[in-house]
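What follows is the residue order along each chain.
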Amino acid sequence: MNKVKQIAQKYTVLYCIAVEILFLVVLTGIGFGLGAVMKEGNYYVMLFIQEALSALLAYGLLCLTGLQKVVKNKGRGFGKGLLVGLYLLIISVYTLVVMTAMYEGDRTLQPWYLIAAFLGCMACVGITEEFVFRGVMATLLLKKFGTDRKGVWKAVVVSGILFGLAHISNIIGGSALGVIVQAIIASMLGMVIAAIYFRSGCIWVTVFLHAFIDVAAGITTGIYGNETLVDTISSYSLVNLVSCVPYLIVVLALLRKKKIGEVKESMGELVESL
């Protein structure tokens, strides 16, 4: 067992916090660096490059922590995993349709390559954040707390909180209230995604769902170029916290006593091999 892996398993929560801080610092550094070099570049082109580099960093963190098996673990399979995450799939389709239908701005499409940059960016965000927050953090927390019901709930809650706190970094350029609201919603969403990951055992299920959620939320920004993600986040108000209620209900449903055994079936072998 390598030294980093030993530290990660002995001081799991502290290691997760350190990984989050390191990840955010490097991500911010990449963003500032690209901003300085590409002063006139399109927002999503720069963001795509930033997130592509971040995805490589995220995979590096998986390898450094000895968690390469996470990427190969099939669990219950991609198809069954999507059924576990059906709520997020349905709500994302609904959001996509409503956001597009209710858009009242200029409907002139951006050039195809800018739309492709937006879609590529969202895909990389899904890979990056899932590898870091579920692949590294949630997996390590499940290893630490165990695959029984109490352990699963601890891993889900702690990983969700860490995921929400990571979004505080959007305070750079965003409104304080909007960022705080986003962080709270992200914490609850992080718990839902962690529960789906544990039930499915397949990281690619959550990568797909995460990317689809982001595409749906930013679809008008991506295809019409009307604003940036920071503008969208700054528009959040306390009313948006209502979305936490269905997330809580979904987590309770996913981790109900009758289904908690699926976590051990999907993740048990992976966790025990670490």
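Reading the values: rules and limits
Residues numbered from 1 in each chain as written. Predicted model: local features only at pLDDT ≥ 70, side-chain atom pairs only at ≥ 80, totals over all residues. Heavy atoms only, no water. Axes fitted to C-alpha atoms, helices over the stretch in contact; angles between N-to-C directions. Helix = DSSP H or I, 4+ residues; strand = E, 2+ residues; numbered from the N terminus. Parallel < 35°, antiparallel > 145°, perpendicular 65-115°, else oblique. Left-handed = near helix turned anticlockwise from the far one by under 90°. Contact = heavy atoms within 4.5 Å. Nonpolar A, V, L, I, M, F, W, Y, C, P; charged D, E, K, R; others polar. pLDDT = per-residue confidence, 0-100. Core = buried A, V, L, I, M, F, W, Y, C linked by side-chain atoms within 4.5 Å. Buried < 20%, exposed > 50% of the residue type's maximum accessible area, 1.4 Å probe, protein only. 1 Å grid on protein atoms, 1.4 Å probe; cavity = no way out; pocket = protein on both sides within 12 Å on 5 of 7 lines; lining within 4 Å. Points joined across faces, edges and corners; volume = space filled by probe spheres on them.

## Quick word on the packing of helix α9 (residues 176-200) against helix α13 (residues 244-254)
Phase 1: Look at α9 against α13: their axes get within 9 Å of each other, and the N-to-C directions meet at 20 degrees. If you check the angle between α9 and α13, you find them roughly parallel. Of the two elements, α9 crosses α13, and the hand of that crossing is left-handed. Seen from α9, the contacting residues are I184, I185, M188, L189, M191, V192, A195, I196 and R199; seen from α13, they are C244, Y247, L248, V250, V251 and L254.
Phase 2: Residues of the contact of α9 with α13, tallied by class, amount to 14 nonpolar, no polar and 1 charged.

## Details of the confidence of the model for the protein chain
Phase 1: Of the residues in the protein chain, 92% reach a pLDDT of 70 or more, and the chain-wide mean stands at 88.
Phase 2: Mean pLDDT across the secondary structure elements of the protein chain bottoms out at helix α12 (residues 229-234), with 64, and peaks at helix α8 (residues 149-166), with 95.

## Notes on the nonpolar core
One recurring pattern in soluble globular proteins: nonpolar side chains tend to sit buried together.
Phase 1: Among the nonpolar cores identified, the biggest contains 62 residues, and L88 and F198 are the most heavily contacted of them.
Phase 2: Not counting chain neighbours up to four residues away, the residues in contact with L88 comprise L189, V192, I193, I196, L209, I213 and Y247.
Phase 3: Ranked by size, the runner-up nonpolar core spans 13 residues in total, among them Y44, A117, C121 and I219.

## Quick notes on the side chain of T220
Phase 1: Considering the arrangement of structural elements, one finds T220 in helix α11 (residues 219-224).
Phase 2: For T220, a relative accessible area of 6% translates into the label buried.
Phase 3: Not counting chain neighbours up to four residues away, the residues in contact with T220 comprise M99, T100, Y103, G225 and N226.

## Observations concerning the layout of surface pockets
Phase 1: Volume-wise, the second largest pocket comes out at about 200 Å³.
Phase 2: Around the second largest pocket, the lining comprises 14 residues; the ones closest to its centre are L83, V84, G85, R199 and L254.
Phase 3: Listing elements by their share of the lining of the second largest pocket, those giving two or more residues are α5 (78-84), α6 (86-101) and α13.
Phase 4: Of the residues contributing to the lining of the second largest pocket, the split by class is 7 nonpolar, 1 polar and 6 charged.

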